[in-house]
Amino acid sequence: MKFKKLSVVMAALLAASSLLVACGGGNSGDSGTTEKEPETTEAAEEEPAAAEADAEDDGQEEASADGEVTLELLLTKTEIVDVMEQIAAKFCEENPGVKIDVTSTSDGATLVRTRAASNELPDIMNTYPAEDFYKDMFRDGYFEDITGADYLSKVNSTAMEMSNCDGNYYAVPMSLSTYGIYANMDVLEANGITETPSTWEELIADCETLKANGVTGFLLPNKDVGNVAQRFERTVGIINNDTYSEFKQVADGEMEAKDSPTLQTWCDYNEQLLNYTTDDHMGMDYDIAAAEFSNGNGAFMLSGTWMLATVQKNNPDANVELFAFPHPRGETTKVPVNIDTSFSISSTCANKEIGLKFLEFMTREDIAQMYCDADGNVSTIEGVEYSIPQHANMKTAVDEGNIFLTAVNFWPTGLREEIRDGCQMFLGDGDRDAFFESSQEAIETIYADN
């Protein structure tokens, strides 16, 4: 099998970025505070020296002296370490002679690039099959093609469509993350608001009521540039489900950024919400905002289904609900989704038979239920009951198909990172001209590079 060598930008982080724990025990990784961001990847033409030897071996069993088969399971979604240790332990118990070492990192793309460049990808790992970063790796042969596997029939058809890579499949999608606005229902009810708003006008009216009562409407962690980037990407997608085409017009000189309806609306709605946030929003990071929200010091916070675990850790009694971000122009609202967790096995897996068996194991109803209960995102596996009342609105949106695949999956690689500094500056100084100028430069640069 022929491999391209991925570039290594921060290889020195390799030793520091992974945490090793044995199957069935060990320490868990720190909980993530935001959904993981993809990182840019460049392919070089060199081939790893070990590729031919690995191809000849074709990933056959690697056993210790006593005959035990050991596989590495890498998690780049660190908040699922605990449950995956439990699942791995159960798999090992049902498959005597198999050991699974669970490793995790909070800097997934860097570690994956590094490991791929040295032809030492983990045997099993969670991937994000809708993202170009992983699709490129699928096309280059780094992961096993599982097209036609019987267990894929247990996966929701929408998730399978999102996972499609040139007609083939390389991952088992386990869950979909959704994005919207969390409401602290106790705060709302204490101020006479009995239900979450469904329109932009209702949202602003609720914020006015809260402000009149001296209550913070929105907690906006504008110090956290990664969170700013994510909010920008998710919400401009809600404003316009096809931002790729509009931004390409900007890149091609057919439109200027200052004339972009999407960018103008993004500025409009943020100017409104800034009237209802804290004075120190530019000094507030995600962790502080989440803690304040969890403990009733603010009514609303933009985030996704993954934030529930953080809220409950801060305050187990928090009464919260996630609802759709209303379209600021009053148009039809759709919920942005992403494939949050999928599992793949590498083409150099030490024992492909065991690796494939683990993928099938993850689709077993009892195991998928175990994962869903801990993860909090909407399960894609048939038969799994999604009984998380805080996310009932999101489950309905997914079931009804009132969703769209978030822009990070089809924007040119690096756009979210290139544009985020200008977004953050706008949130601090409100300078529209400077924002449009920086957006113009970011869009032109990234589209040209891609």
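Residues numbered from 1 in each chain as written. Predicted model: local features only at pLDDT ≥ 70, side-chain atom pairs only at ≥ 80, totals over all residues. Heavy atoms only, no water.

If you tally the helices and strands in the protein, you get 18 helices and 12 strands. Considering the protein as a whole, with its 450 residues, one finds that 55% of them fall into the buried category. Across the protein, contacts joining residues at least 24 apart in sequence account for 79% of those joining residues at least 6 apart. A total accessible area of about 18,200 Å² is found for the protein, and carbon and sulfur atoms account for 43% of it. (Helix = DSSP H or I, 4+ residues; strand = E, 2+ residues; numbered from the N terminus. Buried < 20%, exposed > 50% of the residue type's maximum accessible area, 1.4 Å probe, protein only. Contact = heavy atoms within 4.5 Å. Areas by Shrake-Rupley, 256 points an atom, 1.4 Å probe, with all protein chains shown as cover.)

Across the seven residues of strand E5 (residues 98–104), six count as buried, placing the element largely inside the fold. Across seven bridges, strand E4 (residues 69–75) lies against E5 in parallel orientation. By the bridge assignment, Leu75 is partnered in E5 with Ser104. Taking the sense of rotation as the criterion, the β-α-β connection linking E4, helix H3 (residues 81–94) and E5 turns out right-handed. (Pairing = 2+ DSSP bridges. Right-handed = clockwise from strand over helix to strand, strands pointing away.)

With that out of the way, let us pick up the pattern of salt bridges. Per the stated rule, a full pass over the model turns up 21 salt bridges. A salt bridge links Glu79 to Lys77; the shortest N-O distance between them is 3.1 Å. The exposure class of Glu79 is partly exposed, given its relative accessible area of 26%. Between Lys77 and Asp375 there is a salt bridge, and its shortest N-O distance comes to 3.6 Å. Linking Lys77 in the loop between E4 and H3 with Asp375 in helix H15 (residues 365–375), this pair joins segments that are 298 residues apart in sequence. The network of salt bridges with common partners includes Lys77, Glu79, Asp340 and Asp375. (Salt bridge = Lys/Arg side-chain N within 4 Å of Asp/Glu carboxyl O.)

All right, on to the nonpolar core then. What tends to happen in soluble globular proteins is that the nonpolar side chains get buried as a cluster. Counting residues in hydrophobic clusters, the biggest one holds 116 residues, and the most contacted among them are Met84, Phe232, Trp266, Phe300 and Phe358. Discounting residues that sit within four places of it in the chain, Phe358 has contacts with Leu73, Met84, Ile87, Phe91, Ile100 and Ile124. Counting 16 residues, the second-largest nonpolar core is a separate cluster that includes Leu74, Ala116, Met137 and Tyr142. (Core = buried A, V, L, I, M, F, W, Y, C linked by side-chain atoms within 4.5 Å.)

Right, let's talk about the confidence of the model for the protein for a bit. Mean pLDDT for the protein: 86, with 85% of residues reaching 70 or above. Within the model, pLDDT remains below 50 along residues 1–65, and this stretch shows 163 contacts once partners closer than five positions in the same chain are excluded. (pLDDT = per-residue confidence, 0-100.)

Another aspect to go through is the packing of H3 against H15. At their nearest, the axes of H3 and H15 sit 10 Å apart, and the two run at 165° to each other. The orientation of H3 relative to H15 falls into the category roughly antiparallel. As H3 runs across H15, the sense of the crossing is right-handed. Across from Val83, Met84, Gln86, Ile87 and Lys90 in H3, the residues of H15 making contact are Asp366, Ile367, Met370, Tyr371 and Ala374. (Axes fitted to C-alpha atoms, helices over the stretch in contact; angles between N-to-C directions. Parallel < 35°, antiparallel > 145°, perpendicular 65-115°, else oblique. Left-handed = near helix turned anticlockwise from the far one by under 90°.)

Taken together, the side chains of Glu418, Asp421, Asp429, Asp431, Asp433, Glu437, Glu441, Glu444 and Asp449 define an acidic patch exposed on the protein surface. Mapped by element, the contributors of at least two residues to the negative patch are helix H17 (415–429) and helix H18 (432–449). In terms of residue count, the dominant contributor to the negative patch is H18 (five residues). With respect to the helices and strands, Glu437 occurs in helix H18. (Patch = residues over 30% accessible without salt bridge, like charges linked within 9 Å, V, L, I, M, F, W, Y side chains within 5 Å. Lys, Arg positive; Asp, Glu negative; His and termini not counted. Charge placed at Lys NZ, Arg CZ, Asp CG, Glu CD.)

This paragraph deals with helix H16 (residues 392–400). Along H16, the residues that are buried comprise Met394, Ala397 and Val398. One side of H16 carries all its buried residues, which in axial view fall inside an arc of 95°. Of the residues in H16, the exposed ones pointing more than 90 degrees away from the buried face are Asp399 and Glu400. On its buried side, H16 packs onto strand E7 (172–184), strand E9 (320–323), strand E10 (335–345), strand E11 (378–379) and strand E12 (403–405). Of the residues trailing H16, Gly401 is marked for its positive phi of about 75°. (Arc of directions from axis to C-beta.)

This next bit is on the environment of Val98. As for its placement among the helices and strands, Val98 is situated in strand E5. A C-alpha to C-alpha distance of 5.8 Å links Val98 and Glu68, two positions 30 residues apart in sequence. Not counting chain neighbours up to four residues away, the residues in contact with Val98 comprise Val69, Phe91, Cys92 and Ile354.

This part is about the packing of aromatic side chains. The geometry of an aromatic ring pair comes down to the distance between the two centres and the angle between the two planes. Applying the stated rule across the entire model yields 22 aromatic pairs. Taken together, a centroid distance of 5.6 Å and an interplanar angle of 50° make the contact between Trp200 and Phe325 tilted. Placement of Trp200 in helix H8 (residues 200–212) and of Phe325 in the loop between E9 and E10 is noted, with a sequence separation of 125 residues between them. Exposure class is identical for Trp200 and Phe325. Each is buried. Feature note: the residues Phe232, Phe247, Trp266, Trp411, Phe426, Phe435 and Phe436 constitute an aromatic cluster, connected by ring pairs. (Phe/Tyr/Trp six-rings, centres within 6.5 Å; stacked < 30°, edge-to-face > 60°.)

Relative to the assigned elements, Gly401 resides in the loop between H16 and E12. For Gly401 and Thr158, which are 243 residues apart along the polypeptide, the C-alpha to C-alpha distance reads 8.4 Å.

Once that is clear, we can look at the pairing of E10. Of all 11 residues in E10, 11 are buried; the element is thus mostly enclosed. Where strand E6 (residues 124–127) meets E10, four bridges bridge the pair, whose relative direction is antiparallel. By the bridge assignment, Met125 is partnered in E10 with Ser344. One ladder, built from six bridges, connects E7 with E10; its direction is antiparallel. Bridging from a neighbouring strand, Pro173 pairs with Ser342 of E10. The sheet contact formed by E10 and E12 spans three bridges and is parallel.

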